[in-house]
Amino acid sequence: MSIQEELKTIHKNHLYRTLRPIDSAQDALIQSNGKSLLNFSSNNYLGLANDPRLKSAAIEAIELYGTGSGASRLITGSMSLHHQLEEKLAQFKGTTSALVFNSGYHANLSVISALMREGDVIYSDELNHASIIDGCRLSRAQVKVYRHSELTHLEEILRETAPAQSGIRRLIVTDSIFSMDGDRAPLAELARLAEHYDCWLMVDEAHATGVIGPSGKGLVEEVWPNQRPAYLQERLIQMGTLGKALGSFGAYVAGSQELVEFLINRARPFIYTTALPPSVLAASFKAIEIVEQEPERRERLWENVREFLKSSRYFQKSLGESWELSPILPLIIGDSQKTLKLSQHLFEKGFWVGAIRYPTVPPKTERLRITLMATHTKDQIRQLMENLNELL
Ligand SMILES: *Cc1c(COP(=O)(O)O)cnc(C)c1O
């Protein structure tokens, strides 16, 4: 098939994607092509992406250290700003060490492809992020996919596969807050299975960092606010991004010192890429300080989520009773064309709500993915709700 034919097929299936430029900063209110829109699609959950303090930190870092890092970390690109950010991240996450990556995509490719080798086994939730899936592929390990958050299914596969003989590594990997569904992984139970079946446990906190947990450290903090099970000291890998709630760019892996040493020596997407620049590192550092010092930002986000749910019986019902608060609110439509139409209709009314289609989500689960921010006003949320109620 030629690429022209392939493009036609994409069009025919209502799966064609385009890029729409935004002319303003990333905020609750954005400008696109002269049109003002309320942004309900961003992962900038705390509204930090345009915070004056992050901007000043970035500008100051540019004045002192310039715009580029000039080389990969292992050549001459490892600046003191990287090391300071890594110390901060380790302290924030309660681990011995942390390592910064150029993006969450890089971090997932790095960890999984470095740790897991041919002959090893990865147990992966079926709704895990694409970067986890690609990391699994790159590793050449055997991949066993378990049904979404289904522990009995996972345990079945764990029993079926060969026990961790000497030399064979096993890894259970999961999103902590699922990116397109907003629900939470059953972490405590996954940790028990990891221990029982001698597996590493890797948790992708991309949507939980800065948001979930008593002080915004992620789902790991929510589940184990004080002491984590001893088994996890060596075998838990916490990954998260700095580009979503933290309003900056890049990602981290937090864990044991040996894990970080190992990644520096083995992770190709870490080794063979130019290091993050000073501005980005300084903005990330400032963002973590703000997350630590301003719990009221998280509180405002949760107030907005409660406000949203209060005004929609539809969502209360479709999300179910076991649903715990999250800023990601999926509205499942189940058809690409319909989902696109709804998204376009909302766009015309002044709301930016993305149409999420295959392959980001499985076929027949196409959806509008609504995300809330701490900086939305109650009135803005009510406006969205009124328009949604009219459409549904
Ligand atoms: C966004 C996301 C990533 C990738 O992070 P980036 O920093 O955007 O590359 C990884 N995992 C999950 C679950 C995500 O949602």
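Asks: Lay out the sheet that holds strand S2 (residues 35-39) with the relevant residues and their values.
Replies: Spatially, three strands are ordered S1-S2-S11 in an open sheet, and the strand pairing comes out mixed. Either end of the sheet is taken by a strand with one partner, and the two such strands are strand S1 (29-32) and strand S11 (351-352). Relative to S11, S2 runs parallel, the two sharing two bridges. Residue pairing in the sheet places asparagine 39 in a bridge with tryptophan 352 of S11.

Asks: Describe the nonpolar core, listing the residues and the values that go with them.
Replies: Formed by 81 residues in total, the largest nonpolar core has its most connected members in Ile172, Phe308, Phe315, Ile370 and Leu388. A per-element tally of this core places helix H13 (residues 278-293) first, with eight residues. Leaving out residues up to four positions away in the same chain, phenylalanine 308 has contacts with Phe315, Leu329, Ile370, Leu372, Ile381, Leu384, Met385 and Leu388. Core analysis: the second largest hydrophobic core is formed by 26 residues, Phe101, Ala107, Ile132 and Val173 among them.

Asks: Describe the environment of isoleucine 168, with residues and values.
Replies: Inspection of the secondary structure puts isoleucine 168 in the loop between helix H7 (151-160) and strand S6 (170-175). Every residue in contact with isoleucine 168, bar those within four places of it in the chain, is listed here: Arg117, Gly119 and Asp120.

Asks: Tell me about the pairing of S1, and please be specific about residues and values.
Replies: Side chains of S1 alternate between two faces, with Ile30 and Ser32 buried and Leu29 and Gln31 left unburied. Relative to S2, S1 is paired through four bridges, and the arrangement is antiparallel. Within S2, the residue paired with isoleucine 30 across the bridge is leucine 37. The turn joining S1 and S2, which pair antiparallel and follow one another in sequence, is formed by two residues; a positive phi near 55 degrees is taken by asparagine 33.

Asks: Give a description of the sheet that holds strand S13 (residues 367-371) that names residues and reports values.
Replies: Taken together, three strands build an open sheet; the order of strands is S10-S13-S12 and the sheet is antiparallel. If you trace the sheet from one side to the other, it starts and ends with strand S10 (328-332) and strand S12 (354-356), each paired once. Along the sheet, successive strands turn relative to each other by an average axial angle of 35 degrees, direction set aside.

The rules behind each value
- Residues numbered from 1 in each chain as written.
- Predicted model: local features only at pLDDT ≥ 70, side-chain atom pairs only at ≥ 80, totals over all residues.
- Heavy atoms only, no water.
- Pairing = 2+ DSSP bridges.
- Helix = DSSP H or I, 4+ residues; strand = E, 2+ residues; numbered from the N terminus.
- Core = buried A, V, L, I, M, F, W, Y, C linked by side-chain atoms within 4.5 Å.
- Buried < 20%, exposed > 50% of the residue type's maximum accessible area, 1.4 Å probe, protein only.
- Contact = heavy atoms within 4.5 Å.
- Axes fitted to C-alpha atoms, helices over the stretch in contact; angles between N-to-C directions.

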